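Listed below, chain by chain, are the residues.
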Amino acid sequence: MTGLALMAPTAAAKSMSPETIRKVARLELARSIRAFAAGSLANGECLVRRGQLSQQQAEQATAIALKEMAISAAVLENPQVRKAADLLGTELTDSCDLSSLDDETARQLVQDEL
């Protein structure tokens, strides 16, 4: 996932118009937002399955996490977010974390869907 900050110094970015760079940055930001939402959703669903939270508590916790990041909870209705959350959910450990995956593998798993 190449963000604007990572692209700016490259020769490819220098040849792009400012409008194209802004468009790419918006697309990458939207993907990052969906990835965060998918991770939050997957974690909440895992905690419900483990009996550590009720469904209502998980939904409230997810909404709070999104709000703290200035993300609308409406993103949770996005089918891509739901599918990415399901994919991540299969990789979560018994403690509902992704410690079984390295960062790049987890990122790739979600990026392919989002």
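Residues numbered from 1 in each chain as written. Predicted model: local features only at pLDDT ≥ 70, side-chain atom pairs only at ≥ 80, totals over all residues. Heavy atoms only, no water.

Relative to the assigned elements, Glu-91 resides in the loop between helix H5 (79-89) and helix H6 (103-113). Exposure remark for Glu-91: the relative accessible area of 30% places this residue in the partly exposed category. With 15 residues separating them in the primary sequence, Glu-91 and Ala-106 have C-alpha atoms 8.7 Å apart. Ignoring sequence-local partners within four residues, the contact set of Glu-91 consists of Asp-97, Leu-98, Ser-100, Leu-101 and Leu-109. (Helix = DSSP H or I, 4+ residues; strand = E, 2+ residues; numbered from the N terminus. Buried < 20%, exposed > 50% of the residue type's maximum accessible area, 1.4 Å probe, protein only. Contact = heavy atoms within 4.5 Å.)

Moving on to the state of the cysteines. Scanning the entire structure with this criterion turns up 1 disulfide. What pairs with Cys-46 in a disulfide is Cys-96, and their sulfur atoms sit 2.0 Å apart. Disulfide Cys-46-Cys-96: the torsion about the S-S bond is -85 degrees, which places it as left-handed. With a gap of 50 residues between them, Cys-46 in helix H3 (residues 18-49) and Cys-96 in the loop between H5 and H6 connect regions that are remote in the sequence. What makes Cys-46 buried here is its relative accessible area of 0%. For Cys-96, a relative accessible area of 4% puts it in the buried group. (Disulfide = S-S within 2.5 Å.)

In this section: the packing of H5 against H6. Viewed as axis vectors pointing N to C, H5 and H6 meet at an angle of 150 degrees, and their least axial separation amounts to 9 Å. The angle between H5 and H6 falls in the class roughly antiparallel. Note on packing geometry: the crossing formed by H5 with H6 is right-handed. Along its contact with H5, which presents Gln-80, Lys-83, Ala-84, Leu-87 and Leu-88, the element H6 presents Leu-109, Val-110 and Glu-113. Broken down by class, the residue content of the contact of H5 with H6 amounts to 5 nonpolar, 1 polar and 2 charged. (Axes fitted to C-alpha atoms, helices over the stretch in contact; angles between N-to-C directions. Parallel < 35°, antiparallel > 145°, perpendicular 65-115°, else oblique. Left-handed = near helix turned anticlockwise from the far one by under 90°. Nonpolar A, V, L, I, M, F, W, Y, C, P; charged D, E, K, R; others polar.)

Honestly, that's just the spatial picture; any functional story needs more than this.
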